[in-house]
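Tertiary structure, described
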Amino acid sequence: MSLDVEKFDFEKFYREKYVVPFNQRSYIWGETQLNAFWDDLVHVESNRSRHELHFLGSIVAHKSFNNNFIIDGQQRVTTFNLMYIALFSMAMKLINEREGIVQGGMSGEEYRRLSRETSDYRQAFWNQLKMIFEYDEYPSDGGSARWALRFRPSLRDQGAYNSLLEYIEESMSTVKLERFNILSEVVDSDSNILVNYKKIEKKIRDMFLTLRDSNEKLGKLMLYMEQLAKGFIFCVVTVENGDPTEIFDNLNTMGERLSKLDVIRNSAFQGIISEDLNETNTINKLWLGFEKAFIKSFNETLAEDDSNKAKKQLDYINAYWQPFAHALCNTAITNKNLISEINFAIDDLFDNSELEDKPSERAKFKIKQLGKYSDIYNALRINKYAGDAENLPKELKYELNTFYRLKCPTMVFSYIFQAVDYYVTLGNEQHEVKTKKDIIDSFKEVQTRIMRDTFSLSDRQAPKDIYLPLFKKIKDHGYNFRLVRYFLVTKQLPYPTDSQLKEDFETKEYFGTERMRYFLEEFEIEKRSYTPLQIEEFLTQQYRDLKNPVYEKDHLMPVDGRNWKENLTQEYSKKEYSELVNKIGNIFLLEKTTNIQKGNKSFEDSKQIIGDQTVYGEFISTLEKWDESDIRDRCRAYYDFFIKRWPNKEDHETPSDPSNDLPKEKIESMKQKFNQYLEEDIKVVFQYLSQNSWERNDQNLIKDLKEMAESIQTLATTRTNKITLKLVGN
């Protein structure tokens, strides 16, 4: 790898063309970075007489196939482009306004002067803008000659750039600007380009408030464009004869603010840039297809005018990689080793040596693996079912919805990912149907552990050491999902008991407890004896707007108790009253608008407002008062419901030899396979394995038996007539 370092300003920088590689992120700079860049421009312009310059740091480029790929620095270059184009476009608006005035009836010398001055302004600004354009006599689409931007942005930004080019072209009717061909796989509106462009326009308009006329405004715009071109200096580090993806990773270790998505995307494209460029579009479309499908459902949860849309999308995708890595590796993963562990695990899966030296095939394989659990992730995080998740059986969707409602910890996602993945591989044989039921029951066991941990209000919750290896343990025991309850317990963290919960329900404060709304929803469903269809209708209504569920938690006795003094049978200190108000027995589920109307009103007024259309309303409608004794009674009622809904099954199954869990049909099938490949005189092998608690997957059994047969041939010969085949469980 060779390096060349040289000092540049943007005028010198744009003497060549630059490309943002397809594996890089979109433009995500927010308001903070934009304001800092603008403030630097204002400072440089105001101190131009002293020839002050501003240092922008370094931009890393990679020369390959006659292209200059920007490996690091596209956020700064894009911000420069936005400001440069915005200044030019604002100048064109002023010039067009002047031309309207000139053509509106002015005549004589004044007309000729203003007309010539306006024409000179137009030419001067166009000459300034041409710095970032190249005349393209033979455009790639075969059309007429036009000007092409010397900067090819990331695919996610090209649509927004086309909008900016349209702004320029409209203001200069004789100029034709080349557009970028947009791939249909590109995610819509995942770039901050247009958002920041509008903010820059506002900054320019604010600047105009201090200027008197169009001449001053045009003069200021020209000065700003000149200072952008020549007042910012930076080092361009040009790399040759190396893989740019390695450079990208090194930048990450040196402290550059690269997201997990940046590095993972970069890893997926390892070696592609230096391969045949004809293949890059195929790989690019595959990645964009994955990213678009992944983010489509999340976009539906965002407001159309959300100025932080790009950052929220990035944060959402970044949050996927940790549970994905856990599911891939079945071990604890830290942010430090996340990328390397994902790469190692995928490389282990990619074991076809014929493709070892084919980066394109490896990239395709990696992208497919990276999206393996994204649809289930969307279901768990935002209750959206698309792609593979859309076709899941109803019973699985119900459990995933339950995990969503109780705000399932992400450390549990890895078990859910793999259990769902295994579930969909099962057929309709009797033993497979039974395993499906066991998987559903295992989800309920996990939900029970989560709820018991939450409502026991203990200082220590079930850690990742319980959940992360859970699926691997089940797999190692022959996919016996009935063992989940057993593996959800450790000596250090025993299962929360009923007696522990009873004490907490009676004595602790619960209002701020996570998953309280889910608990109250389940209580409502139980007490109303809803049918499955009614449950579905209730939950559909509750979560129609994911950000604003219809029902929320409510204190019956309000935090502000001034209107409740007549309902209390004794005086309470402020501390005592607060403890009473926040006990679980004082918390109910109430429709949000009704809750707002109820506020801190008295008990009688609250009864009238709440009505009797819910379990809450029915319950309090018969009461004459609501005080400490009523709250304690309600605590006990909630406790009784809780241990029934999320029971402590102390008679759960414990691990045994995994062959015990094989159905008889499976055992008979295995026998037939064994007899097909083994002679009668080595049947003793089975006895040998049984006696030594041999544990292996059955698909490897025949191979291992053949290898062992030779070593115990003598034993088999002497005992062949005495040993009978005996499989555990037969």
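The rules behind the values
- Residues numbered from 1 in each chain as written.
- Predicted model: local features only at pLDDT ≥ 70, side-chain atom pairs only at ≥ 80, totals over all residues.
- Heavy atoms only, no water.
- Helix = DSSP H or I, 4+ residues; strand = E, 2+ residues; numbered from the N terminus.
- Buried < 20%, exposed > 50% of the residue type's maximum accessible area, 1.4 Å probe, protein only.
- Polar contact = N/O pair within 3.5 Å; in protein donor to acceptor, adjacent residues only side chain to side chain.
- Axes fitted to C-alpha atoms, helices over the stretch in contact; angles between N-to-C directions.
- Parallel < 35°, antiparallel > 145°, perpendicular 65-115°, else oblique.
- Left-handed = near helix turned anticlockwise from the far one by under 90°.
- Contact = heavy atoms within 4.5 Å.
- Core = buried A, V, L, I, M, F, W, Y, C linked by side-chain atoms within 4.5 Å.
- 1 Å grid on protein atoms, 1.4 Å probe; cavity = no way out; pocket = protein on both sides within 12 Å on 5 of 7 lines; lining within 4 Å.
- Points joined across faces, edges and corners; volume = space filled by probe spheres on them.
- Nonpolar A, V, L, I, M, F, W, Y, C, P; charged D, E, K, R; others polar.
- Expected span 1.5 Å × (residues − 1).
- Phe/Tyr/Trp six-rings, centres within 6.5 Å; stacked < 30°, edge-to-face > 60°.
- Lys NZ or Arg CZ within 6 Å of the ring centre and 35° of its normal.
- Salt bridge = Lys/Arg side-chain N within 4 Å of Asp/Glu carboxyl O.

**Considerations on the environment of S621**
Position of S621 among the secondary structure elements: in helix α27 (residues 615–621). Overall, S621 belongs to the partly exposed group, its relative accessible area being 40%. Sequence separation between S621 and I610 is 11 residues; the distance between their C-alpha atoms is 9.0 Å. Among the polar contacts made by the side chain of S621, one reaches the main-chain carbonyl oxygen of E618 at a distance of 2.8 Å.

**Examining the packing of helix α21 (residues 498–507) against helix α28 (residues 628–645)**
In a packed pair of helices, the relevant descriptors are the angle between the two axes and the axis-to-axis distance. The N-to-C vectors of α21 and α28 enclose an angle of 150°; their axes lie 9 Å apart at closest approach. For the element pair α21 / α28, the angle class is roughly antiparallel. Taken as a pair, α21 and α28 cross one another with a handedness that is right-handed. Of the residues in α28, those touching α21 at D498, L501, K502, F505 and E506 are R632, C635, R636, Y638, Y639, F642 and I643.

**Considering the nonpolar core**
With 114 residues, the main nonpolar core has W321, Y415, I416, V446, F455, F505 and F519 as its most contacted residues. Sorting elements by how many residues they give to this core places helix α11 (residues 309–329) first, with nine residues. Setting aside its immediate chain neighbours within four residues, W321 contacts K260, L261, I264, F290, L338, I342 and L370. In this structure, F13, F80, Y84 and A86 belong to the second largest nonpolar core, which totals 64 residues.

**Things to note about the layout of surface pockets**
Its volume calculated, the second largest pocket comes out at about 900 Å³. Forming the boundary of the second largest pocket are 36 residues, of which K397, Y398, N401, T402 and L539 lie nearest the centre. Residue composition of the lining of the second largest pocket, by class: 12 nonpolar, seven polar and 17 charged.

**Comments concerning helix α10 (residues 280–299)**
Given a rise of 1.5 Å per residue, 20 residues ought to cover 28 Å, and the 27 Å separating the end C-alpha atoms of α10 matches this to within 8%. For α10, the full list of buried residues reads T280, I283, N284, W287, L288, F290, E291, F294, I295, S297, F298 and N299.

**Overview of the environment of Q500**
Topologically, Q500 is positioned in helix α21. The spatial distance from the C-alpha of Q500 to the C-alpha of L457 is 9.6 Å, given a sequence separation of 43 residues.

**Topic: the packing of aromatic side chains**
Scanning all chains against the criterion turns up 68 aromatic pairs. Positioned above the aromatic ring of F511 is the side chain of K553, whose terminal nitrogen or guanidinium carbon lies 4.8 Å from the ring centre. In this structure, R634 packs its charged tip against the face of F619, placed 4.1 Å from the ring centre.

**A word on the pattern of salt bridges**
Once the charged atoms of two side chains with opposite charge are near each other, the side chains can pair. Counted according to the given criterion, the structure contains 42 salt bridges. With a shortest N-O distance of 3.6 Å, R76 and D72 are connected by a salt bridge. In this structure, K384 engages E300 in a salt bridge whose closest nitrogen and oxygen atoms are separated by 3.4 Å. On the criterion of sequence distance, the pair formed by K384 in the loop between α14 (374–382) and α15 (394–405) and E300 in the loop between α10 and α11 is long-range, its members being 84 residues apart. The partly exposed category is assigned to K384, whose relative accessible area is 23%. With a relative accessible area of 52%, E300 lands in the exposed category. It is possible to trace a salt-bridge network through shared partners that takes in R405, R517, E521, E522 and R645.

Any functional reading would require information beyond the geometric quantities listed.
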